[in-house]
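This is what each chain is made of:
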Amino acid sequence: MVGLDLGIKSMVALSTGEQVGNPTYFARDEKKLAKAQRRLAKKKRGSKNRAKARLKVAKIHARIADQRRDYQHKLSTRIVHENQVMCVESLAVKNMVKNHCLAKAISDVGWGEFVRQLDYKARWYGRTLVKIDRWYPSSKTCHACKHVLDALPLDIREWVCPACGVVHDRDTNAAKNILTEGLSVAACGGNGRPAVARARQAVASEAGNASS
Ligand SMILES: [Zn+2]
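Asks: Before we go on, may I ask you to explain the overall build of the chain in this structure?
Replies: When helices and strands are counted, the chain shows 7 helices and 7 strands. Tracing the chain from N to C terminus, the helices and strands come up as β-β-β-α-α-β-α-α-α-β-β-β-α-α. Counting across all 212 residues of the chain, residues that qualify as buried make up 41%. The contacts in the chain between residues at least 6 apart in sequence include a share of 65% that link residues at least 24 apart. Surface exposure of the chain reaches about 11800 Å², of which carbon and sulfur atoms provide 56%.

Asks: I would appreciate a short explanation of the sheet that holds strand S2 (residues 12–14) in the present structure.
Replies: The strands making up a sheet associate through hydrogen bonds between their backbones, and the pairing can be parallel or antiparallel. Taken together, 5 strands build an open sheet; the order of strands is S3-S2-S1-S4-S5 and the sheet is mixed. Strand pairing shows two members of the sheet lacking a second neighbour, strand S3 (19–20) and strand S5 (128–132), which therefore form its edges. Both strand S4 (residues 85–89) and S5 contribute to a ladder of 5 bridges, which runs parallel. Its bridge partner lying in S5, Glu 89 is registered against Ile 132. Each of strand S1 (2–6), S2, S3, S4 and S5 is contacted by helix H6 (residues 170–188), which is oriented at about 125 degrees to S1, the strand it contacts most.

Asks: In this structure, what is going on with the pairing of S4? I would like to understand it.
Replies: Sheet faces and side chains relate simply in a regular strand, where the side chains alternate between the two faces. Extensive coverage of S4 is indicated by the burial of 5 of its 5 residues. Taking every second residue as pointing to the same face, both faces of S4 are buried, with Val 85, Cys 87 and Glu 89 on one and Met 86 and Val 88 on the other. With 2 bridges joining them, S1 and S4 adopt parallel strand pairing. Bridged to Val 2 within S4 is Met 86.

Asks: Quick question: what am I supposed to make of the coordination of the zinc ion here?
Replies: Tetrahedral metal sites with four donors have an ideal angle of 109.5 degrees; octahedral sites with six donors have ideal angles of 90 or 180 degrees. Looking at the metal site, the zinc ion is ligated by Cys 142 (SG), Cys 145 (SG), Cys 161 (SG) and Cys 164 (SG), spaced 2.3 Å from it. Coordination at the zinc ion is tetrahedral: its 4 donor atoms span angles of 106 to 114 degrees at the metal. In the primary structure, the donors to the zinc ion are separated according to the pattern C-x2-C-x15-C-x2-C.

Calculation rules
- Residues numbered from 1 in each chain as written.
- Predicted model: local features only at pLDDT ≥ 70, side-chain atom pairs only at ≥ 80, totals over all residues.
- Heavy atoms only, no water.
- Helix = DSSP H or I, 4+ residues; strand = E, 2+ residues; numbered from the N terminus.
- Buried < 20%, exposed > 50% of the residue type's maximum accessible area, 1.4 Å probe, protein only.
- Contact = heavy atoms within 4.5 Å.
- Areas by Shrake-Rupley, 256 points an atom, 1.4 Å probe, with all protein chains shown as cover.
- Pairing = 2+ DSSP bridges.
- Axes fitted to C-alpha atoms, helices over the stretch in contact; angles between N-to-C directions.
- Donors = N, O, S within 2.8 Å, 3.2 Å for Na, K, Ca; no water.
- Tetrahedral: all angles 85-135°; square planar, octahedral: opposite > 155°, others 65-115°.

So this is what it looks like as structure tokens:
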């Protein structure tokens, strides 16, 4: 059984403490892309050089997309093979965190695509994917004693629980909480309402509470 969270310093944080997929893996190609785009902008309209520059931009785009897909497939296959039950937060929940940096991280990493892959691979191999689709303070809650912090700014990677003194890696702690929460959702069978309604309710309860 494993809980998975979208990491800040890594692509995915596992409840086992492992963190996989460094986002800077794609940073080099993104720099190249930005450079090619700047070059394209300077070329004269309708010129042959402009057409060439445009092709170059398209090629880099395609390469980045391919690499990302490839990486996600390898990772989702591995995780499905290694675990009987996987717990994740749904994209609806992730999108509620209206933070600019995190929003970029979510789109970079393609959390929605990753969860989609886990979903159909779990079906293929007879595994269970539990999606948590209501907001839950997974980062701010101490997995050891359940103490909930008032706030945890995004730049804080490590924190010490004021109640029990356990030192937490932000992302690993969140993944552990997602596992616990997911198992309790699975055990209770959820509340049976459609996911959309539950997500809306979560938006309402999360208002004014952006740093999960
Ligand atoms: Zn604690």
